[in-house]
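Letter by letter, the chains look like this.
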Amino acid sequence: MSIIKVENLVKKFGNVTAVNDVSFNVEEGTIFGFLGPNGAGKTTTINILCALLSPTSGRAFIDGHDCAKESASVRKSIGIVFQDTTLDKDLTAEENLLFHAYLYNVQKSERQKRVDDALKFVDLFGRKDDLVKKYSGGMKRRLEVARGLIHRPKVLFLDEPTLGLDPQSRANLWEFITELPKQHNVTIFMTTHYMEEAEVCSDIAVIDNGKIIARGSPEELKKIVGGDVIYLKTKDNATAVEEIKKVLNVEASAKGGEIFMSTIKGDACIPELIRTLGDSVLSVRLQRPTLNDVFLKLTGKAIREEESSGSDTIKEEVRAYRRRHS
Amino acid sequence: MEFNAIYVIVAREFKKFVRERSRLVSAIARPMVWLFLVGAGMSRLVSPVGGVSYMQFIFPGILGMTILFSSIFSSISIIWDKEFGFMKEILVAPVSRLSIVVGKALSGTIISTIQAVIVLALFPFLGLKLGILNIVGVILICSAVSFSISAFGILLATFYESYESFSVIMNFIVMPMFFLSGAMYPVKLLPDILKFVAKLNPLTYGVDALKHVISPLATGPMSPDFNIFVDIGVIVSMSVVFVLIGGKAFERKG
Ligand SMILES: Nc1ncnc2c1ncn2[C@@H]1O[C@H](COP(=O)(O)OP(=O)(O)OP(=O)(O)O)[C@@H](O)[C@H]1O
Ligand SMILES: [Mg+2]
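Counting restarts for each chain: residues are numbered from 1 in the order of the written sequence. Here chains are named by letter from A upward and ligands by number from 1 upward, in the order in which they appear as written. Per-residue local features are limited, in this predicted model, to residues with pLDDT of at least 70; the limit for side-chain atom pairs, both in listing and counting, is 80 or more; totals at the level of whole chains, interfaces and linings are taken over all residues. Note that water and hydrogens are dropped before the side-chain values are worked out from all heavy atoms of the structure.

Participant: Looking at this structure, I do not really get the coordination of the magnesium ion (ligand 2). What am I missing?
Facilitator: Six octahedral donors around a metal ideally subtend angles of 90 or 180 degrees, whereas four tetrahedral donors ideally subtend 109.5 degrees. Residues and elements named next belong to chain A. Taken together, the protein ligands of the magnesium ion (ligand 2) are Thr43 (OG1) and Gln83 (OE1), with distances of 1.8 to 2.1 Å. With Thr43 in helix H1 (residues 42–49) and Gln83 in the loop between strand E6 (78–81) and helix H3 (93–103), this residue pair connects regions lying 40 residues apart in the sequence. Relative accessibility thresholds used throughout: buried, under 20% of the residue-type maximum; exposed, over 50%; partly exposed, between the two (1.4 Å probe, protein chains only). Thr43 gets classed as partly exposed once you look at its relative accessible area, which sits at 27%. Classification of Gln83 by relative accessible area gives partly exposed; the value is 24%. Donor selection uses N, O and S atoms within 2.8 Å of the metal (3.2 Å for Na, K and Ca). Since no water is included, sites may look incomplete. Secondary structure counts use DSSP, requiring at least four H or I residues in a row for a helix and at least two E residues in a row for a strand, with both numbered from the N terminus.

See the structure below:
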């Protein structure tokens, strides 16, 4: 069943079209990845789905509720971790979660238990009485995810959940996020810039300039760039290239002391290569396309190109400055 | 309206208020300074009229000032919440905008009333004699005024996005509201144009109602300017109007 349905969604801010005729469905219990560079329209789409913004045209549904008309039902069904943190740093972690539990009208008998469970789930129970301003970036992120789950939403939105985290915290957070659909019966809708993070998604939509330019599983998307590349070193590269062309019927060429060849199923191709070339093989290396290659191919630019986000960075710095000085 | 949501919005503000000692100290210090530095100095110039000394005359105004500053300050925290993102956590919840506004207005009401009560405790030092009924009356009026000014502050906060606007609000709205409320000088002695502005000022009616209860027997220039029922009518209707418009203004942002 599709838990999120988006039909021909358009959002204009003055003459900027942030979201331009976007349609997609998200299946229940999956991790859906919404990928795109800065300013692609990811956050705007999320804001419409969360009933924080009304669309210029088109419709969006969450669990059958129209996001523009039934905002109360939509809001009950969703949890969200915003791109910028929305914790109250002058309250403790526990107080932040209790605030949420009251706000979502969690029953009195359940409240404290859910808060405790959530804190334990993200490994912050021991620090529950610390003010959030004493938390690290990764702890804050985890706390926000825990908070988003307290009212048992059907869909959890994660808008760049790993932004600004070091690689290790990112890896930890992902490990934790991939467990969520099973453990909490929730569908995940996430956005990210980091292509390697999108590998955990069961389904991906790539958005650029407000338009969806590709859809599919990570595997399907990688096929767009034409499969794997095998790099190989042999005792005699020139002869080996001839052999490969003749026996395997695959295009190959030697460059810089290395032979490289594109194939669809790289892993299945390697044994055959070795059988053909025998002892002459010195090393074999298989490179699979990343989603970044996909993005490069589709848009002609790398997804993490940052130069377009100059104003965002400044905004972020100003915010950080204020946080430090208030 | 969602009562749990209203409760927790109030509880959050209250907790933060209690934790932030410096805010309480400065909130209490300001009225003291006005009362004892400005008031005592002015008493040399203005002799008692109609049985009321100048210090006694400005006491209701000083209560009004305490309420004005703390209610506006409390409501303006909405701008901080917007700036630091916490507002989004509230806005994305299944809570009506009216409940949010009522919750915020009640937070301001409670915090301001507490401060007003602390200042009220000074009355014996000014030679005022208040019976228990007058004291209860003062507290009731203080909470009603706190609610209406808090609601007014929320309305202001919906028009401003960043906290740079804070000093604008303080200098161009809050200070004139204080001076044109009859707090320091009677409205009836103002020139016509200022008298007109004072009549548009929600605080004027709050200060006037307090004058009725604190110096009920006053006559002459230092007596209240309006009928007490007018005062109460204006305070109550302003509260309702501000809360409803505030709720609508929040809705519009969506
Ligand atoms: N409130 C707004 N007013 C005007 N323009 C806006 C507003 N919000 C977003 N935009 C514009 O809409 C476009 C899409 O912005 P959006 O925030 O959805 O991008 P994003 O994909 O989330 O980018 P990022 O990866 O940087 O978070 C941008 O051009 C942005 O400037
Ligand atoms: Mg974004």
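Participant: Could you clarify how one ought to interpret the interface of chain A and chain B in this entry?
Facilitator: Note on interface size: it is often stated as the accessible area lost on association of the parts. We call two residues contacting when some pair of their heavy atoms lies within 4.5 Å. Taken together, the contacts link 32 residues of chain A with 26 residues of chain B. Together, the buried faces of chain A and chain B total about 2,600 Å²; carbon and sulfur atoms form 60% of this surface. Any Lys or Arg side-chain nitrogen located within 4 Å of an Asp or Glu carboxyl oxygen qualifies as a salt bridge. Inspection of the region where chain A meets chain B yields 6 salt bridges. When the shortest N-O distance is used, the salt bridge between B:Arg19 and A:Glu95 registers 2.5 Å. In protein, a polar contact means a hydrogen-donor-capable atom and an acceptor-capable atom, both N or O and within 3.5 Å, with residues adjacent in sequence counting only if both atoms are side-chain atoms; elsewhere, any N or O pair within 3.5 Å suffices. Between the two partners, chain A and chain B, sit 8 residue pairs in polar contact (both at pLDDT 80 or more). Defined in terms of a 1.4 Å probe, buried area is the accessible area two parts forfeit on being brought together, summed over both.

Participant: Sorry, what's going on with the layout of surface pockets here?
Facilitator: Rolled over the atoms, a probe with the dimensions of a water molecule shows which regions are left empty. Looking at the second largest pocket, its volume works out to about 310 Å³. Along the wall of the second largest pocket there are 18 residues; nearest its centre are A:Ala51, A:Ser71, A:Arg75, B:Arg97 and B:Glu251. Here the lining of the second largest pocket gets 3 residues from one element, more than from any other, and that element is helix H2 (residues 71–77) of chain A. Only Asp, Glu, Lys and Arg are considered charged, only Ala, Val, Leu, Ile, Met, Phe, Trp, Tyr, Cys and Pro nonpolar, and every remaining residue, Gly among them, polar. Across the lining of the second largest pocket, the residue classes tally to 10 nonpolar, 4 polar and 4 charged. The pocket and cavity definitions rest on a 1 Å grid over protein atoms only: a 1.4 Å probe that fits but cannot leave marks a cavity, an open set with protein on both sides within 12 Å along at least five of seven lines marks a pocket, and residues lining either have an atom within 4 Å of a point. Grid points are joined across faces, edges and corners, and a volume is the space filled by probe spheres set on the points.

Participant: Quick question: what am I supposed to make of the packing of aromatic side chains here?
Facilitator: Ring pairs (aromatic) are described by centroid distance and by the angle formed between their planes. Only Phe, Tyr and Trp rings take part, Trp by its six-membered ring, and two of them pair if their centres are within 6.5 Å. Stacked means planes under 30 degrees apart, edge-to-face means over 60, and tilted covers everything else. Inspection of every chain in the model, using the stated rule, returns 17 aromatic pairs over all chains. Look at B:Trp34 and B:Phe178: their rings are 5.2 Å apart centre to centre, the planes differ by 80 degrees, and that puts the pair in the edge-to-face class. Here B:Trp34 is found in helix H2 (residues 21–43), whereas its partner B:Phe178 is found in helix H7 (residues 165–179), with 144 residues between them in sequence. Comparing B:Trp34 with B:Phe178, the two get one shared label, buried. One aromatic cluster is present, formed by A:Phe24, A:Phe32, A:Phe34, A:Phe157 and A:Phe189 through successive ring pairs. Over the face of the ring belonging to B:Phe69 we find B:Arg30, whose NZ or CZ atom lies 4.1 Å from the ring centre. A ring is considered to have a charge above it if a Lys NZ or an Arg CZ atom is located within 6 Å of its centre and within 35 degrees of its normal.

Participant: Got a minute to help me understand the packing of helix H3 (residues 54–83) of chain B against H7(B) in this structure?
Facilitator: The geometry of a pair of packed helices is captured by two quantities: the angle between their axes and the separation between those axes. Residues and elements named next belong to chain B. Structural elements are reduced to axes, namely lines fitted to C-alpha atoms, with helices fitted over the stretch in contact, and the angle between N-to-C directions of any two is expressed from 0 to 180 degrees. Here H3 crosses H7 at 155 degrees, and the two axes come no closer than 11 Å. Relative to H7, the element H3 lies roughly antiparallel. In terms of crossing hand, the pair formed by H3 and H7 is right-handed. Only Ser165, Phe166, Ile169, Met170, Val174, Met175, Met177 and Phe178 of H7 make contact with H3, whose side of the interface consists of Gly61, Met65, Leu68, Phe69, Ile72, Phe73, Ile76, Ile79 and Trp80. Looking at the contact of H3 with H7 residue by residue, the class counts come to 15 nonpolar, 2 polar and no charged. Angle categories are assigned with fixed cut-offs, so that under 35 degrees is roughly parallel, over 145 is roughly antiparallel, 65 to 115 is roughly perpendicular, and the rest are oblique. When the near helix sits turned anticlockwise from the far one by under a right angle, the crossing is termed left-handed; a clockwise turn instead gives a right-handed crossing.

Participant: Explanation requested: helix H9 (residues 202–214) of chain B in the structure shown.
Facilitator: Along an α-helix, residues three or four positions apart point the same way, because every turn accommodates 3.6 residues. Residues and elements named next belong to chain B. Expected span of a helix, by definition, is 1.5 Å for each gap between consecutive residues, and there is one gap fewer than residues. Under the 1.5 Å per step criterion, the end-to-end length of H9 is 19 Å for 13 residues, consistent within 8% with the ideal 18 Å. Considered for burial, the residues of H9 that qualify are Pro202, Leu203, Thr204, Tyr205, Gly206, Val207, Asp208, Ala209, Leu210, Lys211, Val213 and Ile214. Where H9 begins, one side-chain oxygen reaches toward the backbone nitrogen of Leu203, 3.0 Å away; that side chain belongs to Asn201.

Participant: Even after reading the chapter, I still don't get the pattern of salt bridges, so can you show me in this structure?
Facilitator: Opposite charge on two side chains lets them pair, provided their charged atoms get close. What the rule picks out here adds up to 29 salt bridges over all chains. Note that A:Asp63 and A:Lys154 form a salt bridge whose closest N and O atoms lie 3.0 Å from each other. In this pair, A:Asp63 is assigned in the loop between strand E4 (57–62) and strand E5 (65–66) and A:Lys154 in the loop between helix H5 (137–149) and strand E7 (155–159), connecting sequence segments 91 residues apart. On the basis of relative accessible area, A:Asp63 is assigned to the partly exposed category, the value being 22%. Between A:Glu94 and A:Lys128 there is a salt bridge, with its nearest N and O atoms 3.8 Å apart. With A:Glu94 in helix H3 and A:Lys128 in the loop between helix H4 (108–121) and H5, this pair connects stretches of sequence that are 34 residues apart. According to the relative accessible area criterion, A:Glu94 is buried, its value standing at 14%. Linked by salt bridges that have partners in common, A:Asp88, A:Asp90, A:Lys133, B:Arg12, B:Glu13, B:Lys16, B:Asp81 and B:Lys104 make up one network.

Participant: Where do I start with the pairing of strand E8 (residues 187–192) of chain A in this structure?
Facilitator: On a regular strand, one side chain projects to one face of the sheet and the next to the other, so that they alternate. Residue and element names in this part refer to chain A. Taking burial as the measure, the 6 residues of E8 include 6 buried ones, the bulk of the element. Here E8 shows no split at all, with Thr187, Phe189 and Thr191 on one side and Ile188, Met190 and Thr192 on the other all buried. Note on pairing: DSSP must find at least two bridges between two strands before they are called paired. Here strand E3 (residues 31–35) runs beside E8; their pairing, made up of 5 bridges, is parallel. Considered in E8, the bridge of Ile31 is made with Ile188.

Participant: Explain the sheet that holds strand E1 (residues 2–13) of chain A here, please?
Facilitator: Sheet strands line up and pair through hydrogen bonds in the backbone, either parallel or antiparallel. Residues and elements named next belong to chain A. Here 4 strands make up an open sheet; going across it, the order is E2-E1-E4-E5 and the pairing antiparallel. In the strand order of this sheet, the two ends are held by strand E2 (16–27) and E5, each with one partner. Here E1 runs beside E4; their pairing, made up of 5 bridges, is antiparallel. Bridged to Glu7 within E4 is Arg59.

Participant: How should I be thinking about the nonpolar core in this particular structure?
Facilitator: Considering soluble globular proteins, one finds that nonpolar side chains tend to be buried as a cluster. Among the nonpolar cores identified, the biggest contains 112 residues, and A:Ile4, A:Phe157, A:Phe189, B:Phe59 and B:Ile72 are the most heavily contacted of them. Per-element accounting of this core gives the leading share, 15 residues, to H3(B). Filtering out sequence-adjacent residues up to four positions away, A:Ile4 remains in contact with A:Phe24, A:Asn25, A:Val26, A:Leu49, A:Phe61, A:Val155, A:Phe157 and A:Phe189. Membership of the second largest hydrophobic core comes to 42 residues, among which are A:Val106, A:Ala118, A:Leu143 and A:Leu156. Working definition of a nonpolar core: buried Ala, Val, Leu, Ile, Met, Phe, Trp, Tyr and Cys residues. They are joined through side-chain atoms within 4.5 Å.

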